[in-house]
Structures are given as C-alpha cells and as structure tokens.
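Chain by chain, the residues:
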Amino acid sequence: MSDRVTIGAPATPASIELVQTALATLWEQQPGVTARDRMRFETALVEVVGNVVEHAYALDQGTTPGSRQLELEISVDDSTIIALLSDDGRPADIDLGAVTMPDPEAESGRGLALAIAALDDLRYVHADGRNQWTLICVRVRP
Amino acid sequence: MSEFDVRTTDDGVGVVTPRGRLTMVTARRFREVITELVAAGTTRVVVDLAETTFLDSSALGALVGGLKAARLAGGDLRIARPTPAVLSVFELTNMDRVLRPRDSVEGAFDV
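Just so it is clear, the structure is predicted and the values come from calculations on it, not from any experiment. (Residues numbered from 1 in each chain as written. Chains lettered and ligands numbered in written order. Predicted model: local features only at pLDDT ≥ 70, side-chain atom pairs only at ≥ 80, totals over all residues.)

## Side note on the packing of helix α1 (residues 27-39) of chain B against helix α2 (residues 57-72) of chain B
Residue and element names in this part refer to chain B. Direction vectors running N to C along α1 and α2 enclose 10°, while the axes themselves pass 9 Å from each other. On the basis of their axis angle, the class for α1 and α2 is roughly parallel. Side by side, α1 and α2 meet where Ala 27, Phe 30, Arg 31, Ile 34, Thr 35 and Val 38 of the first sit next to Ser 58, Ala 59, Gly 61, Ala 62, Gly 65, Gly 66, Ala 69 and Ala 70 of the second. (Axes fitted to C-alpha atoms, helices over the stretch in contact; angles between N-to-C directions. Helix = DSSP H or I, 4+ residues; strand = E, 2+ residues; numbered from the N terminus. Parallel < 35°, antiparallel > 145°, perpendicular 65-115°, else oblique. Contact = placed C-beta atoms within 7 Å.)

Below is the structure:
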C-alpha cells in the first residue's frame, strides 16, 4: 500500500485534473481515510493548486504559459494527511491571516478561504526562491 | 473533467446537469451554458448536482454569475440534489444561504 505520491507538472489548469486523478489512486490504496477527510483535503488541495495556477498566469505575463513548474508531495500516515506544494514562480504575496470568506454574492475570492475552512492548518512561505505551501488535515477516527 | 447535459422541461424550466468534476478547468464553460440559456429566454434554471462528484470555488463563482444573470432577466437559479460531498462545499462557504439546495429537480421552483 502506497502512502505517498509525488507529482511534477506545469502550473496549468490541466494539472488540477492530474492532481485529482493521483488523489483518487491514493485513496484507493488508503481505504481507511474517511470520506469526509478525503473531501476536505481534496477541496483544499484543488483550491491551493488553482491559486498557484491563477497567479502563474497573472504574474508571468509575457512569459510562456505553463513555464512555471509545480512540485507536489502528498503523504498519509495514521494521524495526518499532508501535502507539500511548491513552485518556482515569483513570490505570491499572500497573507493567510488576512483571508476572509467573501459574501455569498461574490463571484470570486473564495478559494483560499475555503481551503483554510476545510483544513486543520494551511501555511505559506516564500523560501529558497520558491513559493511553498503546506496543507495539513488531521484525520478523524471513524 | 465534466460535461453538461442541458434540457428544458414542459414548464419551460432549463435543467443543467454537470457530470463529474466541476473545477476551474470547466467552470467557464459551465457559466456560459447557464447564461446562454438565460439569454435565449429560459430564465428559470435548475442546476441538477446529483452527478457532480466535486465542485470548487470557481464553480461556485459560475453559479453566482448564473444566478445574477437569471434574476436580472426576471427569473431565478436553483440548485438540486447535491451529494453530501458537494453540499459540504456550499456549507463551508455559506453559499447554502443564497443557493438553498432543493430535494428534486421537478420541485425546485415550487416554493
């Protein structure tokens, strides 16, 4: 049973499909993870990857789309599910402490607020020339 | 990926059924499908979420956009039959307050 998956891919919307397919395979090999934990982890991961992809397009104007590379490692143990996500793009300039859920009438701006709500911990740093995200889901005992 | 079934009921209600995952990969097309229905005069729209396995914040944004377009045209947009997993996304974002999930497609416009 594999308890770890790693992915390297360009920062494009298509990579979201790649991440979700890899997660589906991981869940098959980890049947002990509850449906609720799968859903909240997948929700948060898709939002964070989506945020990285969006910023890759917004910040890298003039360069080739998809030239920014994502590195993702997901690991599962008895108590936690953790994703480490990094990319080589410009600093994302994000203050997670200032993120709030927009009004229900808003058409955008929910992504990181949703990720924070779904996870037990979300961290972002820019270090060693990379944007680095850590997503932590503390597993609920069935 | 997801695909969209679109039909119109005998009562003139448009029904959009996304199948599979609804994410930023497909959200733009999803929004277009709704706004095209509204622009063509079908201003009451039900989004049947029974076969939607996953839904992200860009899909929520598309739903809000569709809701606004429908109301601007004198109609409304309702959602029906979300799975527990998809419903949790509505609850985490407080979206269940403006898009209250209905139990059936047929009864989505009853009240």
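## A look at the interface of chain A and chain B
How big an interface is tends to be expressed through the accessible area that disappears when the partners come together. Taken together, the contact pairs 22 residues of chain A with 22 residues of chain B. Put simply, the parts of the chain that give the side of chain A that touches chain B at least two residues each are α1 (14-29), α2 (35-59) and α3 (111-118) of chain A. With six residues, α2(A) is the largest single contributor of residues to the side of chain A that touches chain B. Each residue belonging to the side of chain A that touches chain B can be placed in one class, and the counts come to 11 nonpolar, five polar and six charged. (Nonpolar A, V, L, I, M, F, W, Y, C, P; charged D, E, K, R; others polar.)

## Some details on α1(A)
All names here are of chain A. Over its 16 residues, α1 extends 24 Å from the first C-alpha to the last, a length consistent with the 22 Å expected when each residue adds 1.5 Å. Among the residues making up α1, those that are buried are Ser 15, Ile 16, Val 19, Gln 20, Leu 23 and Leu 26. Within α1, the buried residues cover an arc of 140° as seen down the axis, which keeps them to one side. Residues Ala 14, Thr 21, Ala 24, Thr 25 and Glu 28 are exposed on α1 and point more than 90 degrees away from its buried face. (Expected span 1.5 Å × (residues − 1). Buried ≥ 20, exposed ≤ 12 C-beta atoms within 10 Å, placed from the backbone. Arc of directions from axis to C-beta.)

## Digging into the sheet that holds strand β2 (residues 69-76) of chain A
Residues and elements named next belong to chain A. Judged by pairing direction, the sheet is antiparallel, and its five strands sit side by side in the order β1-β2-β3-β5-β4 without closing on themselves. Across the chains shown, the open sheet's two edge strands, defined by having one partner strand only, are β1 (4-10) and β4 (121-127). Taken pair by pair, the neighbouring strands of this sheet meet at an average axis angle of 10°, ignoring direction. (Pairing = 2+ DSSP bridges.)

## Digging into the UniProt feature "domain: STAS" (unreviewed entry) in chain B
When the UniProt feature table is mapped to this numbering, "domain: STAS" (unreviewed entry) covers residues 11-111 of chain B. Secondary structure content for residues 11-111 of chain B is 38% helix and 23% strand, while the C-alpha to C-alpha distance between its ends is 15 Å. (UniProt positions renumbered as here; feature names shortened; annotations may be inferred.)

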